[in-house]
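Read off the chains here:
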Amino acid sequence: MKKQVDLIIANARELVTVSRSAELGIIHNGAVAVKKGRIAAVGASDDILKSYSSRKVIDAEDKTVTPGLIDCHTHPVFMGDRADEFELKLKGATYQQIGAAGGGIKSTVRKVRNATKSELKANALKYLNRFIRCGTTTMEAKSGYGLTTEDEVKMLEAIKELNGGAIGAINSERPELVPTFLGAHEIPDEYRNNKAGYVDLIIQEMIPLVARRKLAEFCDVFCEKNVFEIEDSRRILKAAQAHGLGIKLHADEFAPLGGAELAAELNAVSADHLMVISDEGMRRMKEKGVIAVLLPGTTFMLGLKSYAPARKMMDAGLTVALATDFNPGTSFTESLPMIMSIACVKMKMTPAEALTAATINAARAIRKEKLIGSLEPGKQADMVIWDCLSYKHIPYHFGVNLVDKVIKAGKVIE
């Protein structure tokens, strides 16, 4: 007698399980059975259809099925845009020059401080809806555009409410959000001549409040020259650890400060950007198992020539993840497939490496690999059906949306 399930996806040209570290685990003419939002079985279509039945069967003939994409570094809560700054960059202004003139992060901070929580949620929602249509089923979401206790809490509350009211809640209509506190994103104008005072505010007031109210899973720091340098970052991150938060770093993006080494020293979950990472930083990150989250969309949009050395990192044994770095200033895209295309062309990743980096490795960068990131029995049924014959087309057929259907926790998003 067949077992009854809620959903079967059958006849996939390629079912890409991403369940083995050394290979993608492709099942030709593959199928997935889903029950109560979890994967019940994965295998050949003939075998699944003999063993399971469902009132809802999706025929994925001539299509590719993969795990839902996971975007492990985003900044989706903000107001306004920075299109004028984009034009300035095209005329030769650098990121640092724009910031020094009051633009960049500080420009967005002013808009966020003037916005209500409801306005922030409404603005973020339109972007979250685009993320899900591009195949992203889970996203890390950072604060960092408030830079006061009140405004950072406002951002994190917006993230929590967009996520269904709690960390780990599942909203089957849009991506699941994993909140990260990023009060150390920039030094606000009112502390321009008192950075130590702002660091103390983060450590003594913001982190304890965020942790006590369970508003974030992680704490991140923009570890960069003239922002939060190594000792500032160490103090903030150790305080976050003492309050039970996982830690992440924006590290070695523009200047080789040693952010990767600090990430290893503190056993961070991930170090992100890493465009100018040192060989020693790579060695230490590998030794400590720190995930390297690479953000080639930012490098692309800033018009920089040197990308993070992905090939060298992978050859050295590091686990590499990919993310959009979605934000209004330096990477205004909701498309992880486009990021995969840039990663393949500019960082010489293979399509298999890029897909792994945007699924199971990205799950590792937010400590969710036991729940999502691959198609295995018992895991959450987050999947994408792509209108293409092979996973290789996802980065190869660039600039268009190949998503046919998205399944979040077993529910087909129409």
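Calculation rules
Residues numbered from 1 in each chain as written. Predicted model: local features only at pLDDT ≥ 70, side-chain atom pairs only at ≥ 80, totals over all residues. Heavy atoms only, no water. 1 Å grid on protein atoms, 1.4 Å probe; cavity = no way out; pocket = protein on both sides within 12 Å on 5 of 7 lines; lining within 4 Å. Points joined across faces, edges and corners; volume = space filled by probe spheres on them. Helix = DSSP H or I, 4+ residues; strand = E, 2+ residues; numbered from the N terminus. Buried < 20%, exposed > 50% of the residue type's maximum accessible area, 1.4 Å probe, protein only. Arc of directions from axis to C-beta. Nonpolar A, V, L, I, M, F, W, Y, C, P; charged D, E, K, R; others polar.

Undergrad: Please provide a residue-by-residue account of the layout of surface pockets, values included.
TA: Once rolled over the atoms, a probe with the size of a water molecule shows which space is left empty. When its volume is computed, the largest pocket comes out at roughly 460 Å³. Along its surface, the largest pocket is lined by 19 residues, and Gln 96, Ala 100, Glu 186, Asn 226 and Val 227 are the ones closest to its centre. Elements with a minimum of two residues in the lining of the largest pocket: helix H3 (95-100) and helix H4 (105-113). In terms of residue count, the dominant contributor to the lining of the largest pocket is H3 (four residues).

Undergrad: Describe helix H10 (residues 279-288), with residues and values.
TA: Those residues of H10 lying buried are Gly 281, Met 282 and Met 285. Take H10 and look down its axis: the buried residues cluster within an arc of 100°, on one side only. Trailing H10 by a residue or two, Gly 289 shows a phi angle of about 75°, which is positive.

Undergrad: Go over empty space enclosed by the protein, please, and point to the residues and values.
TA: Following the criterion strictly, the structure yields three cavities of 30 Å³ or more and no others. Estimates place the volume of the largest cavity at around 130 Å³. Forming the walls of the largest cavity are 15 residues, and the residues nearest its centre are Tyr 95, His 185, Asp 325, Asn 327 and Thr 330. For the lining of the largest cavity, a count of residues per class yields five nonpolar, seven polar and three charged. Of the volumes computed, that of the second largest cavity is approximately 50 Å³. Around the second largest cavity sit 10 residues that line it, and Ile 159, Lys 160, Ile 167, Pro 179 and Leu 215 are the ones nearest its centre. For the lining of the second largest cavity, the secondary-structure elements that each account for two or more residues are helix H6 (149-162) and strand S10 (176-184). Here the lining of the second largest cavity takes three residues from H6, the largest share from any one element.

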